[in-house]
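If you want the building blocks of each chain, they are given just below.
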Amino acid sequence: MKAIVDQEACIGCGLCPNICPEVYEMTDDDEKAIAIDEEIPEDKVDSAKEAADACPTDAIKVS
Ligand code: SF4
């Protein structure tokens with residue numbers, strides 16, 4: 001599975017790297033989140049989806 005963060009939609013709230021730091025991180029300027037590696041490790045899929053569900057702007061797609 002892959003995680004993609006829509007850079008237009010992300011408001012940089014910091015929630016997704018808090019929930020799943022193995023998959024998401026903030027950019028160096030802390031303004032946006034990005035997927036560290038698009039391919040999600042098998043044991044992190046649930047956590048990656050949880051972060052996607054929690055995103056206030058629905059910016060994360062996990063599929
Ligand atoms: S939870 Fe959503 S809005 Fe917040 S940093 Fe992550 S992608 Fe951006």
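Structure shown above.
The structure displayed is predicted, hence computed values, not measured ones.

### What to know about the site of the ligand
Argument step 1. Within the structure, the ligand sits among 13 residues, and C10, C13, G14, C16 and C55 are positioned closest to it.
Argument step 2. Taken together, the residues of the shell around the ligand break down into 10 nonpolar, 3 polar and no charged.

### What about unusual backbone geometry?
Argument step 1. Positive phi is not limited to glycine here, since D30 has a value of about 65 degrees.
Argument step 2. On the basis of relative accessible area, D30 is assigned to the exposed category, the value being 51%.
Argument step 3. In this structure, D58 takes a positive phi of about 55 degrees despite not being glycine.
Argument step 4. In this fold, D58 is placed in the loop between α2 (45–54) and β4 (60–62).

### So, α2
Argument step 1. Of the residues making up α2, those classed as buried are V45, S47, A48, A51 and A52. Axial view of α2: buried residues confined to an arc of 165 degrees, hence all on one face. Facing away from the buried side of α2 by over 90 degrees, the exposed positions are D46 and D53.
Argument step 2. Elements in contact with the buried residues of α2: α1 (15–19), β2 (24–26) and β4.

### As for the pattern of salt bridges
Argument step 1. According to the stated counting rule, one finds 1 salt bridge in the structure shown.
Argument step 2. K44 is paired through a salt bridge with E22; the nearest N and O atoms lie 3.7 Å apart. Taken together, the residues span a long stretch of sequence, with K44 in the loop between β3 (33–35) and α2 and E22 in the loop between α1 and β2 at a distance of 22 residues.
Argument step 3. Given a relative accessible area of 22%, K44 falls into the partly exposed group.

Parameters and conventions
Residues numbered from 1 in each chain as written. Predicted model: local features only at pLDDT ≥ 70, side-chain atom pairs only at ≥ 80, totals over all residues. Heavy atoms only, no water. Near = heavy atom within 4 Å. Nonpolar A, V, L, I, M, F, W, Y, C, P; charged D, E, K, R; others polar. Buried < 20%, exposed > 50% of the residue type's maximum accessible area, 1.4 Å probe, protein only. Helix = DSSP H or I, 4+ residues; strand = E, 2+ residues; numbered from the N terminus. Arc of directions from axis to C-beta. Contact = heavy atoms within 4.5 Å. Salt bridge = Lys/Arg side-chain N within 4 Å of Asp/Glu carboxyl O.

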